[in-house]
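# A look at the structure
For reference, the chains in residue letters:
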Amino acid sequence: MNKDQPINGVEWVQRDSLKPNNYNPNRVAPPELKLLKISILEDGWTQPIVINPDNEIVDGFHRWTISADPQIAQLTGGLVPVVTTRPKDSAQQKMATIRHNRARGTHGVLDMSKIVQSMIDDGLSQQEIMARLQMESEEVIRLALRAGIPKTDIIQDSGFSQAWEV
Amino acid sequence: MAIHKKKYIDANVYEKALERIESLYSKFDDVVVSFSGGKDSTAMLLCTIEVAAKLNRLPVTAVFYDEEAVHPTTIEYVQRVSEMPEVNLHWYCLPVKHRNACSNEQPFWHPWHPEEKEKWVREMPAQAITEHPRFQFGMTMQDFGREHYRYTNKVVVQGIRTEESMRRYQVVARKKEENYISKPDKGIYFAFPIYDWSSKDVWKLVQIKNADYNRTYDIFNKTELYEHFLSQRVCPPYGEEPVRGLWVYAECFPEMWHKMIYRVPGAATAGRYGNTELYSQGYKPEHVSWRDHVQNVINTYQGADKADVVSAINQAINLHKKKTDDRIPEDDAHPLTGLSWRFLSKMVTRGDFKGRVMQTLSTHSNNQLRKMGITLEQAEKIYGKGKAL
């Protein structure tokens, strides 16, 4: 097997030694940025930031952005994982950025609604799904409704019900 | 009411529009251009300026109803228009009641709501007019549009073109004379001097006058949205139809979009799924009946909105009960009433706050009769009240 692949050389470097590129077309909305933070907190660092030999970011700008967050920084003492790619010119580097961003699918509605249904079956509350997937209540409810779960069955707050006296 | 047929005349649409506007100036105290920033209202404004200049009636009075979540490029254009010496633009920022089709939890929203200032997606412009003696909180745009110039002997001109919809065609085709002036209520006059223009005519005018226009069209031009959105009107983003194009804001105006997702509940969800079955009417889970589905969707509404939706549903059901003793069918339209649970599902999914879905009941009934090959009279005998007697 050819081991001459960037992923073989993952290194841990100070986040401040990296610099963003000036062309990144990818915009991440605030809820997805929060989701990224939750993802690193829950699942850990699973993907390195891709850089060129000049320490310029090719892919992973938002992972790098979020690594400034104190909770994230604390996980690794401020270090971030990087792999280095060696584009032969700036066009190839820009293409690499676009390919990293675009070469992914979208989630089918029915499959998403089945997954949400299975989470509800597993006893996760609507609130928990909302928080851990950064979904609004509208999204959880529409997805669950699509799977045939009435709204009244979805809204089960995880806390105890209120006490009462006579 | 009679609907007259189109008859082409020996004049081009541009000359004809100028003639119509000139006649408006002679009939009314003032001509007020309802300006949205869209291309049709640009054409409307340009024609009106030309006529007003000729008649020595400059500056042209124009009103812009700013709906807050407006493309930044549209706002920049309206700003430039407001600085034109030929135009006296009244820039309104009123908390008008608008539909939020993103969410059943909160089916309406109010741009520039004073209590939601921290959620506004833009800063309010300095020249904004924020109140009007005839505006009351709770009014829709249609409500206020009718009140604004009532009993003033001013005519409001709108850049409405019949090319855009059948409903608009019917508005102008009802009268033979002065068919471009309508009088929906006592004391109110609207006019549509460019009703017969095509969208090509609109751009042609911008070109020959070398006029400024809304750069949003250039942005759409650069994307694959060209065909789809070049014809689109400038309208509030969270409504029934616009929800399908909500992703365009994310694509073209990401900074504003990041605020828009927090402006109303459901916006982020509709941005993601606005084009899918989660926001369309024809779907239900396979193992749930249409009847149960109706109940499930009703339960996603709350409070007064829920009551409104339930009352609309009950109205349809009562209509059915008056005509027949049959149960409401699941799927196929009842031949006499057009009703089915599937149809009711469409009503609740859309909210149907304007009653547009319910208006189509008779069409469903007619189609069903045709499919069955029977007349209404025969259907009344077979399915109507007292058939068992």
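In this report, we go over the structure that sits alongside the text. (Residues numbered from 1 in each chain as written. Chains lettered and ligands numbered in written order. Predicted model: local features only at pLDDT ≥ 70, side-chain atom pairs only at ≥ 80, totals over all residues. Heavy atoms only, no water.)

Let us look at unusual backbone geometry. Residue and element names in this part refer to chain B. Of the consecutive residues Leu58 and Pro59, the connecting peptide bond is found in the cis state with omega at 0°. Mapping Pro59 onto the fold places it in the loop between helix H2 (39-55) and strand E2 (60-65). Here the phi dihedral of Glu68 falls at roughly 70°; this positive angle occurs in a residue that is not glycine. When you line up the elements, Glu68 lands in the loop between E2 and helix H3 (72-82). For Glu68, a relative accessible area of 0% gives the class buried. (Helix = DSSP H or I, 4+ residues; strand = E, 2+ residues; numbered from the N terminus. Buried < 20%, exposed > 50% of the residue type's maximum accessible area, 1.4 Å probe, protein only.)

Turning to the nonpolar core, a few remarks are in order. With 62 residues, the main nonpolar core has Leu24, Val33, Phe35, Leu45, Leu89 and Trp197 of chain B as its most contacted residues. When residues of this core are assigned to their parent elements, the largest contribution, eight residues, is made by H2 of chain B. Non-local contacts of Trp197 of chain B, meaning those with residues more than four positions away in its chain, are made with Val13, Tyr14, Ala17, Ala43, Cys47, Arg161, Glu163, Val202 and Leu205 of chain B. If you look at the next biggest cluster of nonpolar residues, it comprises 35 residues, including Met135 and Leu143 of chain A together with Val248 and Met256 of chain B. (Core = buried A, V, L, I, M, F, W, Y, C linked by side-chain atoms within 4.5 Å. Contact = heavy atoms within 4.5 Å.)

Residue and element names in this part refer to chain B. Packing of H2 against helix H6 (residues 199-208) brings their axes to within 9 Å, and their N-to-C directions diverge by 55°. Comparing their axes, H6 and H2 come out oblique. Once H2 is placed against H6, the crossing between them reads as left-handed. Each of Lys39, Asp40, Thr42, Ala43, Leu46 and Cys47 in H2 lies in contact with H6, whose residues at this interface are Ser199, Val202, Trp203, Leu205 and Val206. Across the contact of H2 with H6, the residue classes break down as seven nonpolar, two polar and two charged. (Axes fitted to C-alpha atoms, helices over the stretch in contact; angles between N-to-C directions. Parallel < 35°, antiparallel > 145°, perpendicular 65-115°, else oblique. Left-handed = near helix turned anticlockwise from the far one by under 90°. Nonpolar A, V, L, I, M, F, W, Y, C, P; charged D, E, K, R; others polar.)

The next subject is the interface of chain B and chain A. Contacts between the two partners involve 33 residues from chain B, matched on the other side by 22 residues from chain A. For the pair chain B and chain A, the interface holds three salt bridges. With a shortest N-O distance of 2.7 Å, Arg272 of chain B and Glu32 of chain A are connected by a salt bridge. Applying the counting criterion to the chain B and chain A interface returns 13 residue pairs in polar contact (both at pLDDT 80 or more). Counting residues per element, the side of chain B that touches chain A draws most heavily on helix H11 (residues 267-273) of chain B, which supplies five residues. A per-class count over the side of chain B that touches chain A returns 16 nonpolar, 11 polar and six charged. (Salt bridge = Lys/Arg side-chain N within 4 Å of Asp/Glu carboxyl O. Polar contact = N/O pair within 3.5 Å; in protein donor to acceptor, adjacent residues only side chain to side chain.)

We now examine a nonpolar patch on the surface. Residue and element names in this part refer to chain A. Judged by side-chain polarity, Ile7, Val10 and Trp12 come together as a nonpolar surface patch covering roughly 300 Å² of accessible area. Turning to its location among the elements, Val10 is positioned in the segment before strand E1 (11-14). On the accessibility criterion, Val10 (39% relative accessible area) is partly exposed. (Patch = residues over 30% accessible without salt bridge, like charges linked within 9 Å, V, L, I, M, F, W, Y side chains within 5 Å. Areas by Shrake-Rupley, 256 points an atom, 1.4 Å probe, with all protein chains shown as cover.)

Leftover empty space is mapped by rolling, across the atoms, a probe with the size of a water molecule. With the rule as written, the count across this model stands at four cavities of 30 Å³ or more. By volume, the largest cavity is sized at about 260 Å³. In this structure, the largest cavity is lined by 18 residues; those nearest its centre are Arg142 and Leu145 of chain A together with Leu278, Val297 and Thr349 of chain B. Breaking the lining of the largest cavity down by element, the ones donating at least two residues are helix H7 (137-146) of chain A together with helix H12 (290-298) of chain B. Per element, the largest residue contribution to the lining of the largest cavity is five residues, and it comes from H7 of chain A. By residue class, the composition of the lining of the largest cavity is six nonpolar, five polar and seven charged. (1 Å grid on protein atoms, 1.4 Å probe; cavity = no way out; pocket = protein on both sides within 12 Å on 5 of 7 lines; lining within 4 Å. Points joined across faces, edges and corners; volume = space filled by probe spheres on them.)

So, on to helix H4 (residues 90-102) of chain A. Residue and element names in this part refer to chain A. With 13 residues, H4 should cover 18 Å at 1.5 Å per step; its first-to-last C-alpha distance of 18 Å lies within 8% of that length. Those residues of H4 lying buried are Gln93, Ala96, Thr97 and Asn101. Buried residues of H4 fall within an arc of 130° about the axis and therefore sit on the same side. Residues of H4 that are buried sit in contact with strand E3 (57-59). (Expected span 1.5 Å × (residues − 1). Arc of directions from axis to C-beta.)

Now for H7 of chain A. All names here are of chain A. Counted residue by residue, H7 has 10 buried out of 10 residues, so it is predominantly covered. Along H7, the residues classified as buried are Ser137, Glu138, Glu139, Val140, Ile141, Arg142, Leu143, Ala144, Leu145 and Arg146. Positive phi appears at Gly148, one or two residues downstream of H7, with a value of about 95°.

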